[in-house]
Amino acid sequence: MTKSVSKRSEQIVQSEIRAMSIECDRVNGINLSQGFCDLGLPEPVKNGAKDAMDKGINHYTRYDGLPELRNSIANKMLKYNNINIDPEKNIIVSCGATGAFYSACLALLNPYDEVIIFEPYYGYHVNTILAAGARPVYAKMMPPDWIFEINELEKLISKKTKGIMINTPANPSGKVFSKKELKLLADFSIKHDLFIFSDEIYEYFVYDGAKHISPGSLPEIQDRTITISGYSKTFSITGWRIGYCVCDEKWSTMIGYISDLVYVCGPAPLQMGVSRGIDELPDDFYKSLCKEYLLKRDKFCSVLNKIGLTPFIPQGAYYVLADVSAVPGKTSKEKSMYLLHEIGVASVPGSAFYHDNGGDNMVRFCFAKKDDELNDACERLLNLYDRI
Ligand code: PLP
């Protein structure tokens, strides 16, 4: 047969995260490569979904989601994100933040448009931009504080630049963008007339007094910001696929049509579960979530420090990039494999977060694990100390 796969799909490589998870299963290791939190499911979320199934809410919903969930999200956006929206016009419930971003890219980007993306990046962002036929262009953030230079961003601008991607708190760096940085990016996006795609899936995971600020809460860029988030992480429901985007009516209609075309709607009873969770869980739920993850972060980072794999302490999200210069291997992939095969702890090679030859002395660990599993990983890492 002379047929072949599309040029578009040829650019998309299998996620390194998935590849590491497969190898981790094969050697029966502890999977600190994948970002899902296997903590419990909050009761109101579970009961809300069960009740919805019992009541027969098992069918297609409106393309932009059930009114109950859109109302819950609108209330939460006002209270937590400081963004005032109309649940009838400004919200598209989709299949995860992933579905929301894909729909937004398809709705707003033309082939060959360019989107600036900060590096280290989350690979799905890059692949989604590519899948839409657009092009990512890369802006480096420098460790340890993952700072960026607006002058460097200026150099990336071309006639084709259409947007900039912000991920706060960020995967994999844990960076939480400050108000000052967001204001710089706001001015930059106005100057060059850019969309701001803002992925805030880790919005509730912030540490050390850092505050989550939604770019869309800055009045001057509210109309150009596409805020993307969801409940996979906050409610430990990565398999439910409930996410959303919030934006100006000028964009939401077409994003909604694309989401309808690709996904039809988010799972109906699960939308009701998330709605009840948002409505009923008290502020304390979110506070204790942070506290719990902070303990995990501190425990894990202190072990990394002890064994000389210096961590870049994250201010948010639940990943940590660590310096693995001391680990045998030429590339971050070899170093990551060494860790997996020697002590059975899976990580993601730093190269997965850079577009060309970056991240070679880094790996990313995910610390969103139950305590006994995390303790086991810590023990194994401490054993590594004698070997390297
Ligand atoms: N955005 C970021 C930055 C992520 O790290 C992840 C998952 O790892 C997602 C989105 C996926 O979110 P969802 O499950 O809502 O599609």
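Residues numbered from 1 in each chain as written. Predicted model: local features only at pLDDT ≥ 70, side-chain atom pairs only at ≥ 80, totals over all residues. Heavy atoms only, no water.

K.L.:
Just checking my understanding: could you explain the overall build of the protein chain for this structure?
P.N.:
If you tally the helices and strands in the protein chain, you get 13 helices and 13 strands. For 388 residues, the compact-globule estimate of 2.2 N^0.38 gives 21 Å, and the protein chain sits close to it at 21 Å. Relative to its 388 residues, the protein chain shows a buried fraction of 56%. Total accessible area computed for the protein chain in this model is approximately 16,900 Å², and 52% of it derives from carbon and sulfur atoms. Distance from the positive charge centre (44 side chains) to the negative charge centre (48 side chains) of the protein chain: 2 Å. (Helix = DSSP H or I, 4+ residues; strand = E, 2+ residues; numbered from the N terminus. Rg over C-alpha atoms; globule rule 2.2 N^0.38 Å. Buried < 20%, exposed > 50% of the residue type's maximum accessible area, 1.4 Å probe, protein only. Areas by Shrake-Rupley, 256 points an atom, 1.4 Å probe, with all protein chains shown as cover. Lys, Arg positive; Asp, Glu negative; His and termini not counted. Charge placed at Lys NZ, Arg CZ, Asp CG, Glu CD.)

K.L.:
What is the right way to read the sheet that holds strand E12 (residues 348-349) from this model?
P.N.:
Hydrogen bonds along the backbone pair up the strands of a sheet, which may run parallel or antiparallel. Pairing within the open sheet is antiparallel, and its four strands lie in the order E9-E10-E13-E12. Looking at which strands have only one partner, the edges of the open sheet turn out to be strand E9 (311-312) and E12. Strand contacts of helix H11 (residues 283-306): E9, strand E10 (319-323) and strand E13 (362-366), with the helix running at about 5 degrees to E10, the strand carrying the most contacts. With respect to the sheet, helix H12 (residues 332-343) is in contact with E12 and E13, its orientation differing from that of E13 by roughly 45 degrees. (Pairing = 2+ DSSP bridges. Contact = heavy atoms within 4.5 Å. Axes fitted to C-alpha atoms, helices over the stretch in contact; angles between N-to-C directions.)

K.L.:
How should I be thinking about the side chain of Ser-336 in this particular structure?
P.N.:
Structurally, the position occupied by Ser-336 is in helix H12. Among the polar contacts listed, one links the side chain of Ser-336 to the side chain of Ser-347, at a separation of 2.8 Å. Once you skip the residues sitting within four places of it in the chain, Ser-336 turns out to touch Met-20, Ser-347, Val-348, Pro-349 and Val-363. (Polar contact = N/O pair within 3.5 Å; in protein donor to acceptor, adjacent residues only side chain to side chain.)

K.L.:
Sorry, what's going on with the sheet that holds strand E5 (residues 161-167) here?
P.N.:
Spatial strand order, E2-E8-E7-E6-E5-E3-E4: seven strands in an open sheet with mixed pairing. At either margin of the open sheet sits one strand with a lone partner, and together these are strand E2 (91-94) and strand E4 (135-140). The mean angle between the axes of side-by-side strands here comes to 25 degrees, regardless of whether they run parallel or antiparallel. Docked against the sheet, helix H5 (residues 96-108) engages E2, E5, strand E6 (195-199), strand E7 (225-230) and strand E8 (243-246), running at close to 155 degrees with respect to E7. Helix H6 (residues 123-131) contacts strand E3 (114-119), E4, E5 and E6 of the sheet and is inclined by roughly 150 degrees relative to E4.

K.L.:
Got a minute to help me understand the state of the cysteines in this structure?
P.N.:
Two cysteines, two sulfur atoms, one covalent bond between them: this is a disulfide. Counted under the stated rule, the structure contains zero disulfides. Not engaged in a disulfide, the cysteine Cys-24 finds its nearest cysteine sulfur in Cys-366; these two sulfurs lie 12 Å apart. Note on Cys-24: relative accessible area 0%, which makes it buried. (Disulfide = S-S within 2.5 Å.)

K.L.:
How should the site of the ligand be read in this particular structure?
P.N.:
With respect to spatial proximity, 13 residues lie near the ligand, and among them Thr-98, Asp-199, Tyr-202, Ser-232 and Arg-241 are the closest. Between the ligand and Ser-232 there is a distance of 2.7 Å, counted from an oxygen atom to a side-chain nitrogen or oxygen. Residue Arg-241 places a side-chain N or O atom 2.7 Å away from an oxygen atom belonging to the ligand. Per-element tally for the shell around the ligand: the top contributor is H5, with three residues. (Near = heavy atom within 4 Å.)

K.L.:
What should I look at first to understand helix H4 (residues 67-81) in this one?
P.N.:
Every α-helix carries 3.6 residues per turn, so stepping three or four residues along brings you back to the same face. Taking 1.5 Å as the rise per residue, H4 with 15 residues should run 21 Å; its terminal C-alpha atoms sit 20 Å apart, in good agreement. Asn-82 occupies a position one or two residues after H4 and carries a positive phi of about 60 degrees. (Expected span 1.5 Å × (residues − 1).)

K.L.:
Quick question: what am I supposed to make of the packing of H5 against H6 here?
P.N.:
Packed helices, taken two at a time, are described by the angle between their axes plus the distance between the axes. Relative orientation of the contacting elements H5 and H6 amounts to 35 degrees, with a least axis distance of 9 Å. For H5 against H6, the interelement crossing comes out right-handed. Two secondary-structure elements touch here, H5 through Thr-98, Phe-101, Tyr-102 and Cys-105 and H6 through Tyr-124, His-125, Thr-128, Ile-129 and Ala-131. Tallied by class, the residues present in the contact of H5 with H6 amount to six nonpolar, three polar and no charged. (Left-handed = near helix turned anticlockwise from the far one by under 90°. Nonpolar A, V, L, I, M, F, W, Y, C, P; charged D, E, K, R; others polar.)

K.L.:
It is not clear to me how helix H3 (residues 43-54) should be interpreted in this structure. Could you clarify?
P.N.:
A rise of 1.5 Å per residue sets the reference length of H3, with its 12 residues, at 16 Å; its end C-alpha atoms lie 16 Å apart and thus fit the reference within 8%. If you check which residues of H3 are buried, you get Pro-44, Val-45, Gly-48, Ala-49 and Ala-52. Looking down the long axis of H3, one finds its buried residues gathered within 130 degrees of arc, a one-sided arrangement. Considering only its buried residues, H3 is in contact with helix H10 (268-280). (Arc of directions from axis to C-beta.)

K.L.:
Where do I start with the pattern of salt bridges in this structure?
P.N.:
Here the idea is simple: oppositely charged side chains can pair when their charged atoms come close. This structure, assessed with the given rule, holds 22 salt bridges. Between Glu-23 and Arg-26 there is a salt bridge whose closest N-O contact spans 2.9 Å. Taken together, the residues span about one helical turn, with Glu-23 and Arg-26 both in helix H2 (residues 16-26) at a distance of three residues. When its relative accessible area of 16% is taken as the criterion, Glu-23 is described as buried. Between Asp-64 and Arg-62 there is a salt bridge, with its nearest N and O atoms 2.8 Å apart. By relative accessible area, Asp-64 is classed as buried at 2%. Accessibility expressed as a relative area gives 38% for Arg-62, which makes it partly exposed. Residues joined by salt bridges that share partners form a network here, namely Arg-62, Asp-64, Arg-70 and Glu-88. (Salt bridge = Lys/Arg side-chain N within 4 Å of Asp/Glu carboxyl O.)

K.L.:
Quick question: what am I supposed to make of the packing of H3 against H10 here?
P.N.:
Here H3 crosses H10 at 140 degrees, and the two axes come no closer than 7 Å. By the angle between their axes, H3 is oblique relative to H10. The element H3 and its partner H10 pack so that their crossing is right-handed. Contacts from Pro-44, Val-45, Asn-47, Gly-48, Ala-49, Asp-51, Ala-52 and Met-53 of H3 reach H10 at Pro-269, Leu-270, Met-272, Gly-273, Val-274, Arg-276, Gly-277 and Glu-280. When its residues are assigned to classes, the contact of H3 with H10 shows nine nonpolar, four polar and three charged. (Parallel < 35°, antiparallel > 145°, perpendicular 65-115°, else oblique.)

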